[in-house]
Amino acid sequence: MVAMDGSNKKDLVSEGLVWPNGLAVDEILDRVYWSDAKKDTIESIHMDGSGRMVILDTVAKHPFSMAVFEDSLYWSDWEMQEIVSCNKFNGKDFKTLVKEAGIRPMGITLAHPLLIQSGPPSPCVDSPCSHVCLPKPLPSTEFTCACPSHLVLDSAGTACEDSSLTSTLLLSTSTHIYSLHPQTIGLTSHKAIGSIPSPGLLTSLAANSVDSMVYFVNRGAEQILAMDRETGSVNPVMYGDQFGAISYDPFSNNLFWVDVHKMSVVVHSLSSSANMVAVSSTSSPLSMVFVPEKNRLVVGENGKISIVQLGNPDVQEIVSYKLSSPGSLVYSAQADAVFIGDAASRAIYRWDWGTEEVVPVLENIGEVVSMAVKDGLLYWVEKSGTSLLW
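Residues numbered from 1 in each chain as written. Predicted model: local features only at pLDDT ≥ 70, side-chain atom pairs only at ≥ 80, totals over all residues. Heavy atoms only, no water.

**Comments concerning the pattern of salt bridges**
Under the criterion given, the structure shown has ten salt bridges. For Lys294, the salt bridge is made with Asp336, and the minimal N-O distance between the two is 3.2 Å. Of this pair, Lys294 sits in the loop between strand 24 (287–291) and strand 25 (296–301) while Asp336 is found in the loop between strand 28 (326–332) and strand 29 (337–342), placing the two residues 42 residues apart along the sequence. Connected through salt bridges with shared partners, the residues Lys39, Glu43 and Arg52 form a single ionic network. (Salt bridge = Lys/Arg side-chain N within 4 Å of Asp/Glu carboxyl O. Helix = DSSP H or I, 4+ residues; strand = E, 2+ residues; numbered from the N terminus.)

Shown next, in the form of structure tokens:
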């Protein structure tokens, strides 16, 4: 049990539980009822943690969602595919209320005028909180302002503002770049942070983890551009029609890019503007990502991925028949693995660093064209798709 502002957390029950799912609160008796779908039981306990008692044992087959009103308990049963009830004190008067062929009841609740409690007025009615207001535990009449995970409270403690410590997911269309936080509770919001003029066809993106710069390929104008996320200003880095995938090395301030004409990976120094061929291939590289944590360049080609250490002629190759067209690569430091989006195979594969095998993560999906990892989650977009998937 926890207060509405997240304080005073207390365990009511910590033993004799397997799969507690249904939960209902009786405000009149100050008791909590719960069902355990593994034990097939319904139990109850006082809010202070005393008086635990079993209401039904093995009578409910697979209780899921619960509600309580007056002297009765109500719940949906997945196995019996019905809504049933019993006496909340002793489990008697067990009866089926709803059972129809083809209907599988899930979540249930009760609506009745007697359930509308007047109670004390909420301290959040006229609060100055910009995003979320949380009442403090009674008898207090105060409140606490809170923010979504990607924002922080200002010095006044009422308004939420951007945090420089929060990572942002960047998403591009053909002419715009957006920042968004798809895992934020509530509506997913996105903010346009930059755009390119016509002719524009924005393809590869490479974020700079050192400062606010983002690098991207504008295939429409045949150039690589650098954009400042804070100001929105866009400046050219290189010109040409040869740019494929790009990736940024924060340690050396170098930008790697695939030369689709010469079938090679080129490294461009953003400090001196010098270019050097990093990897030459007999086939055109389809994807590429620099992994700062390993100081290695990972290159995707038909049937394999190659792990390259600059200046070392020995290249490690992970060959797999599964890799028909590895067109997108992303490294996860948390998983210590490279995720491989293969458009031809319509799958996402995983290569754990240091191993010799590529294993499937997702199959029978769309043609993956780009991927990213953030906070332990894998995001991707598919060709001709309009959704961000994870």
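**Quick notes on the nonpolar core**
Most often, soluble globular proteins have nonpolar side chains that are buried together. Membership of the largest hydrophobic core comes to 16 residues, with the highest contact counts inside it found for Val298, Ile305, Val338, Ile340, Trp351 and Trp353. Those residues in contact with Val338, other than ones at most four positions away along the chain, are Val298, Leu329, Val330, Tyr331, Tyr349, Arg350, Trp351 and Trp353. In terms of nonpolar packing, the next biggest core, distinct from the first, is built from 13 residues, Ala206, Ala226, Met238 and Tyr248 among them. (Core = buried A, V, L, I, M, F, W, Y, C linked by side-chain atoms within 4.5 Å. Buried < 20%, exposed > 50% of the residue type's maximum accessible area, 1.4 Å probe, protein only. Contact = heavy atoms within 4.5 Å.)

**Re the packing of aromatic side chains**
Overall, the coordinates contain eight aromatic pairs when judged by the stated rule. Both rings, one in Tyr331 and one in Trp353, keep their centres 5.8 Å apart while their planes meet at 80°; by these two values the pair is edge-to-face. Here Tyr331, found in strand 28, pairs with Trp353, found in the loop between strand 30 (347–352) and strand 31 (359–363); they are 22 residues apart in sequence, far enough to count as distant. Grouping residues by exposure puts Tyr331 and Trp353 together as buried. (Phe/Tyr/Trp six-rings, centres within 6.5 Å; stacked < 30°, edge-to-face > 60°.)

**Points about the sheet that holds strand 15 (residues 190–195)**
The strands making up a sheet associate through backbone hydrogen bonding, with each pair oriented either parallel or antiparallel. If you walk across this open sheet you meet the three strands as 13-14-15, and the pairing is antiparallel. Two strands lie at the open edges of the sheet, namely strand 13 (169–172) and strand 15, each paired on one side alone. Neighbour-to-neighbour, the strand axes of this sheet turn through a mean angle of 30°, independent of strand direction. In this structure, strand 14 (residues 176–180) lies alongside strand 15, joined through five bridges in antiparallel fashion. When the sheet's bridge partners are listed, Ser179 is paired in strand 15 with Lys191. (Pairing = 2+ DSSP bridges. Axes fitted to C-alpha atoms, helices over the stretch in contact; angles between N-to-C directions.)

**As for the state of the cysteines**
Here is the idea: a disulfide is a covalent bond, and it sits between the sulfur atoms of two cysteines. Inspection of the entire model under this criterion finds three disulfides. With a sulfur-sulfur separation of 2.0 Å, Cys124 is cross-linked through a disulfide to Cys133. Negative torsions about the S-S bond denote left-handed disulfides, and the value of about -80° found for Cys124 with Cys133 makes this one left-handed. Relative accessible area serves as the criterion here: at 18%, Cys124 is assigned to the buried category. With a sulfur-sulfur separation of 1.9 Å, Cys129 is cross-linked through a disulfide to Cys145. As the torsion about the S-S bond is roughly -80°, the Cys129-Cys145 disulfide counts as left-handed. Of this pair, Cys129 sits in the loop between strand 8 (95–98) and strand 9 (132–135) while Cys145 sits in strand 10 (residues 143–146), and the two are 16 residues apart along the sequence. We note that Cys129, like Cys145, is buried. Along the protein chain, the cysteines engaged in disulfide bonds are linked according to the scheme 1-3, 2-4, 5-6 when indexed in sequence order. (Disulfide = S-S within 2.5 Å.)

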